[in-house]
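# Structure at a glance
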Amino acid sequence: MSATKKILIVDDEADQREYLATVLEDNGYAIVTAEDGVRGFELARAGGVDLITLDISMDNESGIKMFRNLQGDEATKSIPVIMITGVSGELKGFIERSKRLTPPQAFFEKPVDRDTLLDTVKSLVS
Amino acid sequence: MDTIHETYFNAMPCYVTVQDRDFHIIDANEKFIKRFGDFRGRYCYQVYKQQPEKCDPCPVERTFADGRQHRSEEIVRTLDGRDVSVIVYTTPIRNGNGEITSVMEMSTNITELKVLQNQLADSRKKYHLLFEEVPCFISMQDRDLRIVEANRLHREAFGTYYGCKCYEVYKHRDKACHPCMVQQTFIDGEIHHHEEVVTDRHGRRINVMVTTAPVLNGSGEVETVIEMSADITQIRQLQSKLSSVGMIISTISHDLKGLLNGMDGGIYLVNTGMEKDNKDRIDRGWEMVLRNVDRIRGTVLDILYYAKDREPEWTALNAKDVAEEVFGIIKPKAAKSKVRCERQIDITDGHFEADAKAVRSLLINLMDNAFDACRVDTKKNDHAVVLNVSETPEAVTFAVKDNGIGMNQEVREKAFTLFFSSKGAGGTGLGLFIANKIAQSHGGNIVVESAPGEGTSLAVTMPKKRPENIEVTEIEK
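Criteria and cut-off values
Residues numbered from 1 in each chain as written. Chains lettered and ligands numbered in written order. Predicted model: local features only at pLDDT ≥ 70, side-chain atom pairs only at ≥ 80, totals over all residues. Helix = DSSP H or I, 4+ residues; strand = E, 2+ residues; numbered from the N terminus. Buried ≥ 20, exposed ≤ 12 C-beta atoms within 10 Å, placed from the backbone. Contact = placed C-beta atoms within 7 Å. Axes fitted to C-alpha atoms, helices over the stretch in contact; angles between N-to-C directions. Parallel < 35°, antiparallel > 145°, perpendicular 65-115°, else oblique. Left-handed = near helix turned anticlockwise from the far one by under 90°. Nonpolar A, V, L, I, M, F, W, Y, C, P; charged D, E, K, R; others polar. Arc of directions from axis to C-beta. Pairing = 2+ DSSP bridges. Core = buried A, V, L, I, M, F, W, Y, C linked by C-beta atoms within 7 Å. pLDDT = per-residue confidence, 0-100. Expected span 1.5 Å × (residues − 1).

Another point: the overall build of chain B. Counting secondary structure elements, chain B contains 14 helices and 17 strands. The proportion of buried residues among the 477 residues of chain B is 30%.

The structure is reproduced here in C-alpha cells:
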C-alpha cells in the first residue's frame, strides 16, 4: 500500500486554505498549508511534498515568484504544481509566453470544480 | 543766400523753413512750398497745421529761448489735406554778434516709417493677445527648467512664479519629472507631446496634454522651450468613466471568483459536516459562508458607490461605537500581520448622523491601507496603526495613522484617484476613491498628511448633523 501523499496548499486567504485542505483531507491526502510564497517555498524545500496548489495574488510574496523559486531549485523543481487563481486565463497566457517559466502542470480558475480538481490531483500524485 | 547755398537749400530731401521770433516763415525750400503752398506773410502753425495758434510746446520757440537744437515728432497737414508724420529738428541762426535772429526748422517725412511702426506694434499686440488669451497654459522655460514667461491662464492657475522650476510649480516636486519633455526638446530640438496630471495653486488636479517646442535664437540654438498644456480634464473624466466600467468588471469579477470559492468552501464544510454529524465542521462552514456573504455585500456596495451616487441611509450613530466595531473587525488582522493596533477615543458625546455601513466600510478601508503601508515598509521593525476619534461641537473626526512607508506628494495627490494604486498588483485603486466618495456623500472630507518613510495620517471629518446640500466632487484619473 502506497504512503499517504502530502499536498502543500499555498494561499493567503484562510477560507481558501481551509476549504481545499478539508476537501483534500476528506479524500485521503495529508495537508500542509502556507499563507504566502516565502513560507510555501520553505515548506516545499523541507521535503516530503508530493504536490503544491498555489494561489497567485498573495500579499507577502506572489505565487509567480514562489513558482519561479520552485523551478530554480533542484530540490523542488520536480514537484507538480496546480495554480489556482481568479485570473487563470490571463495568467496561463502570461506564463506560456514567458521564456523563463515552464508552465505548471495544471491551472484552475476560482470557483474551483471540486471533482475535476480531485481527478487532477490524483493523476499528478500517482 | 548765394546760389550754391540756395541750390542745397532747395535740394534738401525734407521740408525746410526759416522762422522769426513771431513764427513768421521768412523762407522755405521748394519741397516745402510744393507740399504746403505759399508761406509769405503767414505763421508757421497756419501753414504746417492749418491751426490759428502756435503749437504747445513749440520747438522753434524753445530754440529761440535756449539757443539749442531741439527735436520733436509732429503731425502736419499738407495742401491736399493729408496728415503727414514728421520728425522736426530746429537749429538757431545767429548774426555776427551771436544773437539768434531766426530758427531753421527741418521736417523729415516719416509717414511710411510710422505706418510700419504701427503695423509692427499692432502685430506685436495681436501676438501678445494671442499668447495671453489662448485657452491653454503656456510657459517658457530655460535650460535650468526655470519659468521665464507665462500667459494669463497659466498665471491665474499656477501663480506668478517666474524664476521657479517648472516641476515645483506644476507638480510640487523637488526633482525634475522623468521623463521631462522640456529637457528632451532642449536635447533634440524636436516637438514632444506628453500627458500629465498637474496641480494648480488651489490644489485642483488638472489633466493636461503637454506639447513642448523649441524657441531658437539667432544662431539656431534652442534658447528656451515653450510648453503648451491643454486642459483635458473633462475628456479624461469621461474616458475614465467609460474605460473604468470595463476595468471594474474585470477587477470585481476577480474578487468575486475568490469569494464564490469561499462560499463553495463554506457550503462544502456544512454539507459534509452534516453527513459526518460533525458540529464543529458545520459551525466552521457556516462561519465561512457568512464571512464570504458579508464580503460579497461589501464588494457590491463598493460597485454601487462607484457606479452611481448612492444616497446614504442616514441613521443616528455614536462615533465611539463605530470605532469599537471597526477596531474589533481589524484587530485579528493586526495580530496576524504583527502590526500593533491601537485606538484613542477622545470624545464625550460622539453622536452623529451617517450611513453606518458606509462609514464602517470607509474606516475599514483606511485601516486596511494603513496595514498595507506598514507591511511594505522594510525600514522599520516596529509598526503601529492608530485609530483616533475626536470631535468638535459640529463634527467627528476619525483619524487613521500609521508609521508605514508614507507617500510623497505625487502619490498623496493621486491617492483618491480612481484606479490609482501605489501597491502595484496588490491594489485595485478603488478603495480610497470610494472612501473619499463616501466621506463626500456625508458632507465630509478626508485630509491626508504623509511623508515618505515616516507614515501617513488619513483623517475623515464628518458633520454631526446631516447637511442639507452636499456636493460630491468627481475625482477621476
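Attention now moves to the overall build of chain A. For chain A, the helix and strand inventory stands at five helices and five strands. Sorting the 126 residues of chain A into buried and exposed places 35% on the buried side. In chain A, of all internal contacts separated by at least 6 residues, the share reaching a separation of at least 24 is 65%.

Once that is clear, we can look at the interface of chain B and chain A. Listed by partner, the interface residues are 17 residues for chain B and 16 residues for chain A. Elements with a minimum of two residues in the side of chain B that touches chain A: helix 9 (233-275) and helix 10 (279-307) of chain B. For the side of chain B that touches chain A, the leading source of residues is helix 9 of chain B, giving eleven residues.

Time to look at the packing of helix 2 (residues 37-46) of chain A against helix 3 (residues 63-71) of chain A. Residue and element names in this part refer to chain A. Interhelical geometry of helix 2 versus helix 3 gives an angle of 25° and a closest axis separation of 9 Å. Between helix 2 and helix 3, the interaxial angle falls into the category roughly parallel. Note that helix 2 runs across helix 3; the crossing there is right-handed. Residues G37, G40, F41 and A44 of helix 2 touch helix 3, and the partners they reach there are G63, K65, M66, N69 and L70. Classifying every residue of the contact of helix 2 with helix 3 gives four nonpolar, four polar and one charged.

Of note, R114 of chain A is situated in helix 5 (residues 114-125). Linking R114 of chain A and V23 of chain A, residues 91 residues apart in sequence, is a C-alpha distance of 8.0 Å.

This part takes up helix 3 of chain A. Residues and elements named next belong to chain A. Those residues of helix 3 that fall on the buried side of the exposure criterion are G63, I64, M66, F67 and L70. One side of helix 3 holds all its buried residues, which, seen down the axis, span an arc of 160°. On the buried face of helix 3, the contacting elements are strand 1 (6-10), helix 2, strand 3 (51-55) and strand 4 (81-85).

Residue and element names in this part refer to chain B. Reading across the sheet, the five strands line up as 2-1-5-4-3 and stay open at both edges, with antiparallel pairing between neighbours. In the strand order of this sheet, the two ends are held by strand 2 (25-28) and strand 3 (70-77), each with one partner. When the angles between neighbouring strand axes are averaged without regard to direction, this sheet yields 30°. By the bridge criterion, three bridges tie strand 1 (residues 15-19) to strand 2 in an arrangement that is antiparallel. Bridge pairing in strand 2 places V18 opposite D27. Against the sheet, helix 4 (residues 59-66) touches strand 1, strand 3, strand 4 (83-94) and strand 5 (100-109), its axis set at about 20° to strand 4.

Formed by 39 residues in total, the largest nonpolar core has its most connected members in L362, M367 and V385 of chain B. Breaking this core down by element, the ones donating at least two residues are helix 11 (319-337), strand 13 (351-355), helix 12 (356-375), strand 14 (384-391), strand 15 (395-402), helix 14 (431-441) and strand 17 (455-463) of chain B. Examining the composition of this core, we find that ten residues originate from one element, helix 12 of chain B, more than from any other. Excluding residues within four positions of it along the chain, V385 of chain B makes contact with A334, V339, C341, M367, A370, F371, C374, V400 and D402 of chain B. Counting residues in hydrophobic clusters, the runner-up holds 30 residues, among them A34, I64, M83 and V121 of chain A.

Residue and element names in this part refer to chain A. Taking strand neighbours across the sheet as the criterion, the five strands line up as 2-1-3-4-5 in an open arrangement whose pairing is parallel. Pairing within the sheet leaves two strands with one partner each, and these edge strands are strand 2 (30-34) and strand 5 (106-109). Mean inter-strand twist for the sheet, computed between neighbouring axes without regard to direction, equals 20°. By the bridge criterion, five bridges tie strand 1 to strand 2 in an arrangement that is parallel. Across the sheet, I7 pairs through a bridge with I31, a residue of strand 2. Taken strand by strand, helix 2 contacts strand 1, strand 2 and strand 3, and its axis lies near 165° from that of strand 1. Each of strand 1, strand 3 and strand 4 touches helix 3; the most contacted strand, strand 3, lies at about 150° to it.

All names here are of chain B. On average, residues of chain B score 85 in pLDDT, and 89% of them reach the 70 mark or higher. Taken as a whole, residues 419-429 scores under 50 in pLDDT and shows 16 contacts with residues more than four places along the chain or in a different chain. Predicted confidence is poor over residues 473-477, with pLDDT under 50, and the contacts of this stretch with residues over four places away or in other chains come to 17 contacts. Across the predicted assembly, pTM comes out at 0.46 and ipTM at 0.88.

The subject of this paragraph is unusual backbone geometry. Note the cis peptide between K110 of chain A and P111 of chain A, where omega equals -5°. The topology assignment puts P111 of chain A in the loop between strand 5 and helix 5. In this model, D56 of chain B is joined to P57 of chain B through a cis peptide bond whose omega is 0°. With respect to the helices, strands and loops of the structure, P57 of chain B is situated in the loop between helix 3 (44-49) and helix 4. For Q50 of chain B, which is not a glycine, the phi torsion comes out positive at approximately 50°. Tracing the sequence through the fold places Q50 of chain B in the loop between helix 3 and helix 4.

Moving on, we get to helix 5 (residues 111-133) of chain B. Between its first and last C-alpha atoms helix 5 of chain B spans 32 Å; for 23 residues at 1.5 Å apiece the expected length is 33 Å, and the two agree. Counting buried positions along helix 5 of chain B yields zero of 23 residues, so the element is predominantly exposed.

Before going further, it helps to examine the environment of I434 of chain B. All names here are of chain B. Structurally, I434 is set in helix 14. A tally of 22 C-beta atoms within 10 Å means that I434 is categorised as buried. Along the sequence, I434 and S361 sit 73 residues apart, while their C-alpha atoms lie 9.4 Å from each other.

On to the confidence of the model for chain A. Caution applies to low-pLDDT regions: their predicted coordinates should not be interpreted in detail. Averaged over every residue, the pLDDT of chain A is 88; the share at 70 or more is 92%. When mean pLDDT is compared element by element in chain A, strand 1 of chain A scores highest at 97, while helix 4 (residues 88-97) of chain A scores lowest at 67.

Residue and element names in this part refer to chain B. Burial along strand 14 is one-sided: the face carrying V385, L387, V389 and E391 is buried and the face carrying A384, V386, N388 and S390 is not. By the bridge criterion, seven bridges tie strand 12 (residues 340-346) to strand 14 in an arrangement that is parallel. By the bridge assignment for strand 14, R343 is matched with L387. The sheet contact formed by strand 14 and strand 15 spans seven bridges and is antiparallel.

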